[in-house]
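Secondary and tertiary structure notes
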Amino acid sequence: MRVLCVFPAAMPSSNSRPPACLVLVALFLVLLLHFSLSSQAGDRRPLPVDRAPGLKEKTLILLDVSTKNPVRTVNENFLSLQLDPSIIHDGWLDFLSSKRLVTLARGLSPAFLRFGGKRTDFLQFQNLRNPAKSRGGPGPDYYLKNYEDDIVRSDVALDKQKGCKIAQHPDIMLELQREKAAQMHLVLLKEQFSNTYSNLILTEPNNYRTMHGRAVNGSQLGKDYIQLKSLLQPIRIYSRASLYGPNIGRPRKNVIALLDGFMKVAGSTVDAVTWQHCYIDGRVVKVMDFLKTRLLDTLSDQIRKIQKVVNTYTPGKKIWLEGVVTTSAGGTNNLSDSYAAGFLWLNTLGMLANQGIDVVIRHSFFDHGYNHLVDQNFNPLPDYWLSLLYKRLIGPKVLAVHVAGLQRKPRPGRVIRDKLRIYAHCTNHHNHNYVRGSITLFIINLHRSRKKIKLAGTLRDKLVHQYLLQPYGQEGLKSKSVQLNGQPLVMVDDGTLPELKPRPLRAGRTLVIPPVTMGFYVVKNVNALACRYR
């Protein structure tokens, strides 16, 4: 507090009243004494402090991206898919020929398709001879013809059930498929929980039969791969076939020992080393488990363990995550297939590409437990829409992200408590809505408060397209439906995929990331050198 007094040039007489200035001084002294006594009596309330100009209560995050060179370049088919053998238990050709499923699968192309899973151990293969004798014995053309005949017979059977209405009303076909899917789903759940499986017999040009009850170490498995390679090379249609393995599980001590023995013997034989990852063991999980950063980071440690062994024997060898699920035993209903599971999935995609994993195969595309992308009614789940956005917007080139908060000492690359995760790629060059040189960010906000991000450096004052994915409906994080920029995402009535419309943000505008959400942000016309060429 500041008091300013102006005294007259001459002193007043003794009988005159004190000047008003002295009264103000006296009042100031009384107030000062009052505050002093209050402080000694234990009143510790802080006095209001003026804030420095421009300082905000919320942390503002500065974000920049290195645009000169990519830190990694992953496979064009980085996000790929898996079909579980369970789908062939009954009516599998009907399912795979569904126009709706084909449309959903086409949306995620290009991709590798892996056919495998737990039920692979219960598959048997029989080689059927061609009744119509052909020169040189049955070949690929024959088996393809048998496949086509099976489809025709299936269509004829359906036609006998419903008559000509099928051609006019394809929804009837869809309903029949859904009925079969529901029946199959009950059978699979029964097998899963009882841990008993029935054998399946396939007619394909193979006579391999899985052996049970015999342990195989890494060295022996490596020798088997070498022999398999030597058997494939003389066959014309398999001479250039790629070989992947050993498809190990979580890299614990005994699994690492198996991988070490395998790589020592057959590291140069395989085209890529494969392993599988499951985030949560058991079926009892809560929705908040999917938001734990400690859980999200378990994958990073496994990547480093795998890379250490692989680089010991074959430096630079490609590594694939050939199967990733949120929870084991087929997942958890209303959780593994909900919006909440998307945080694990999107972080998996970002982390794998950032650490140099070449391909990730999602288990499963359709109808296996609750980890699938498409449910038994052929409806796309939240992770499908997330994958579709990833395919449309994200290219194979990975860029380095630099992050700093204004209210703390800048620490490039360090995100606040790791609950705000930011990844950057060159925008997919197949997306003709954006010119080459554009950059796509995908951001995960696990905080319960919104976060503000200011684009800096090469990203400053650029136009941004926002694709914000949020849950839709009353279930919140447990919702199986999502909305894009406030509009619900559903397939169009004619069975086609909807248009993914962005929300343009004004150039130079601060990005506001809502709490517990995820989204993609295309920064247009950056003219990034790393993104201008393939």
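We now turn to the structure provided with this report. (Residues numbered from 1 in each chain as written. Predicted model: local features only at pLDDT ≥ 70, side-chain atom pairs only at ≥ 80, totals over all residues. Heavy atoms only, no water.)

This part takes up the overall build of the protein. The secondary structure content of the protein amounts to 12 helices and 21 strands. The buried share of the protein, taken over its 534 residues, is 45%. Within the protein, contacts between residues at least 6 apart in sequence are counted, and of these 80% link residues at least 24 apart. Here the protein displays about 29,700 Å² of accessible surface, and carbon together with sulfur accounts for 53% of that area. (Helix = DSSP H or I, 4+ residues; strand = E, 2+ residues; numbered from the N terminus. Buried < 20%, exposed > 50% of the residue type's maximum accessible area, 1.4 Å probe, protein only. Contact = heavy atoms within 4.5 Å. Areas by Shrake-Rupley, 256 points an atom, 1.4 Å probe, with all protein chains shown as cover.)

The strand order across the open sheet formed by 4 strands is 12-1-15-20, and the pairing between neighbours is mixed. One side of each edge strand has no neighbouring strand; the edge strands of this open sheet are strand 12 (401-405) and strand 20 (511-513). This sheet shows a mean twist of 30° between the axes of neighbouring strands, independent of strand direction. By the bridge criterion, 5 bridges tie strand 1 (residues 60-65) to strand 12 in an arrangement that is antiparallel. Directly across from Val65, in strand 12, lies its bridge partner Val401. (Pairing = 2+ DSSP bridges. Axes fitted to C-alpha atoms, helices over the stretch in contact; angles between N-to-C directions.)

Along the chain, the position of Ser300 falls in helix 10 (residues 298-313). C-alpha separation for the pair Ser300 and Thr348, spaced 48 residues apart in sequence, amounts to 9.1 Å. Beyond its immediate chain neighbours, meaning those up to four positions away, Ser300 contacts Met351 and Gln355.

Further remarks concern the pairing of strand 9 (residues 319-327). Burial of strand 9 is extensive: 9 of the 9 residues sit out of reach of the surface. Note: strand 8 (residues 272-280) against strand 9, 6 bridges, orientation parallel. Looking across to strand 9, one finds that Trp275 is bridged to Leu321. Here strand 9 pairs with strand 10 (residues 359-363) via 3 bridges, running parallel. Across the sheet, Leu321 pairs through a bridge with Val360, a residue of strand 10.

Here we come to the sheet that holds strand 9. Strand order in this open sheet of 6 strands is 4-3-10-9-8-7, and the pairing throughout is parallel. The open sheet has two free edges, formed respectively by strand 4 (113-115) and strand 7 (244-248), since each of these has just one partner strand. Neighbour-to-neighbour, the strand axes of this sheet turn through a mean angle of 25°, independent of strand direction. By the bridge criterion, 4 bridges tie strand 3 (residues 79-83) to strand 10 in an arrangement that is parallel. Along strand 10, the bridge assignment pairs Gln82 with His363. Sheet strands touched by helix 8 (residues 253-266): strand 7 and strand 8. Its angle to strand 7, the strand with the most contacts, is close to 165°.

Further remarks concern the state of the cysteines. Inspection of the entire model under this criterion finds 1 disulfide. Two residues, Cys426 and Cys531, share a disulfide whose sulfurs are 2.0 Å apart. When the S-S torsion is -75°, as for the bridge of Cys426 with Cys531, the disulfide is left-handed. Here Cys426 is found in strand 13 (residues 420-427), whereas its partner Cys531 is found in the segment after strand 21 (517-523), with 105 residues between them in sequence. (Disulfide = S-S within 2.5 Å.)

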